[in-house]
Amino acid sequence: MGEYIAIGIIVLIIGFAVFYVVKAKKSGSKCIGCPHAKSCKNKKDCK
């Protein structure tokens, strides 16, 4: 039973991470996770 709970938590974490990346890409962020992603003057330099 404990294995199912651990697997469920891992699936939730991965699901939320994918949701965050998709949401950030749709909003136009070039550098996901960067606090200056939307207003950065060097958007071409983001890696």
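Here, the structure is the one placed above.
Read on for an overview of the structure.

Rules behind the numbers
Residues numbered from 1 in each chain as written. Predicted model: local features only at pLDDT ≥ 70, side-chain atom pairs only at ≥ 80, totals over all residues. Heavy atoms only, no water. Helix = DSSP H or I, 4+ residues; strand = E, 2+ residues; numbered from the N terminus. Buried < 20%, exposed > 50% of the residue type's maximum accessible area, 1.4 Å probe, protein only. Areas by Shrake-Rupley, 256 points an atom, 1.4 Å probe, with all protein chains shown as cover. Patch = residues over 30% accessible without salt bridge, like charges linked within 9 Å, V, L, I, M, F, W, Y side chains within 5 Å. Salt bridge = Lys/Arg side-chain N within 4 Å of Asp/Glu carboxyl O. Expected span 1.5 Å × (residues − 1). Contact = heavy atoms within 4.5 Å.

So, about the overall build of the protein chain. Helix and strand content of the protein chain: one helix and zero strands. The 47 residues of the protein chain split such that 9% are buried. Per element, the accessible surface of the protein chain, about 4400 Å² overall, is 67% carbon and sulfur.

Next up on the list: a nonpolar patch on the surface. Taken together, the side chains of Met1, Tyr4, Ile5, Ile9 and Ile13 make up a nonpolar region of the molecular surface, amounting to roughly 630 Å² of accessible area. When you line up the elements, Ile13 lands in helix α1 (residues 2–26).

Bringing α1 into the picture now. With 25 residues, α1 ought to run about 36 Å at 1.5 Å a step, and its terminal C-alpha atoms sit 36 Å apart, in line with that. Two residues or fewer past α1, Gly28 is found with a positive phi of approximately 100°.

Next up on the list: the environment of Ala24. If you trace the backbone, Ala24 turns up in helix α1. On the accessibility criterion, Ala24 (9% relative accessible area) is buried. Excluding anything up to four places from it in sequence, Ala24 contacts Ser29 and Ile32.

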